[in-house]
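Here's the letter readout for the chains.
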Amino acid sequence: ATVRAYFEQFGEVEQVKMIYDDYGSSKGYCFVTFADVASSKMVLDNYDNNLIEGKWVDVKPSSSDGGGGAGWGGTPTVRPGDWTCPECGDNVFAYRDACNKCATPKPAGAGGGGCGGFRASPY
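Residues numbered from 1 in each chain as written. Predicted model: local features only at pLDDT ≥ 70, side-chain atom pairs only at ≥ 80, totals over all residues. Heavy atoms only, no water.

*Asks:* Quick question: what am I supposed to make of the overall build of the protein chain here?
*Replies:* When its secondary structure is counted, the protein chain shows 2 helices and 8 strands. Start at the N end of the protein chain and walk to the C end: the helices and strands fall as α-β-β-α-β-β-β-β-β-β. Across the 123 residues that make up the protein chain, the buried fraction comes to 39%. Counted over contacts in the protein chain with a minimum sequence separation of 6, partners at least 24 positions apart contribute 52%. Looking at the protein chain as shown, the accessible area adds up to about 6800 Å², and 49% of this sits on carbon and sulfur atoms. (Helix = DSSP H or I, 4+ residues; strand = E, 2+ residues; numbered from the N terminus. Buried < 20%, exposed > 50% of the residue type's maximum accessible area, 1.4 Å probe, protein only. Contact = heavy atoms within 4.5 Å. Areas by Shrake-Rupley, 256 points an atom, 1.4 Å probe, with all protein chains shown as cover.)

*Asks:* Explanation requested: the pairing of strand β2 (residues 26–34) in the structure shown.
*Replies:* For a regular strand, side chains alternate in direction, first toward one face of the sheet and then toward the other. Inspection of the sheet shows strand β1 (residues 13–20) paired to β2 by 6 bridges, in the antiparallel sense. Looking across to β2, one finds that K17 is bridged to F31. Between β1 and β2, which pair antiparallel and follow one another directly, the connecting turn spans 5 residues, one of which, G24, has a positive phi of 85°. (Pairing = 2+ DSSP bridges.)

*Asks:* I keep staring at the packing of aromatic side chains and nothing clicks. Help me out?
*Replies:* Describing an aromatic ring pair means giving the distance of the ring centres and the angle of the ring planes. By the definition in use, this model includes 5 aromatic pairs. Note on Y6 and F10: the rings are 5.7 Å apart at their centroids and 65° apart in plane angle, and the pair reads as edge-to-face. Taken individually, Y6 and F10 each receive the classification buried, so the pair is uniform in this respect. When the ring of F93 is compared with that of Y95, the centres are 6.1 Å apart and the planes differ by 20°; the resulting orientation is stacked. (Phe/Tyr/Trp six-rings, centres within 6.5 Å; stacked < 30°, edge-to-face > 60°.)

This is how it looks when you write it as structure tokens:
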């Protein structure tokens, strides 16, 4: 809730995806998706001053133009039609009918990428 609350000052947050290892421990980063690209640009413009609970948060655009969904460090970019698994939170490619990680079926109406997402760490 702290991460979401911080980034909501810049605009409407559609999703905060915390990344965990196989044991349920945080990997130290997350992906935040805004409803619009302008909000994510405000966060990037505030780069030196992004502090959550006294810790500086490194923010990076999810793609070279600052828009889209998940992005850097070997994580696939969310493309139109991709969907987020409601069970495990994994990004699932549009052509899949079930999550590749946990086999949860694609929910009705799932699909579509957000805009204005970026990677925030150390969360």
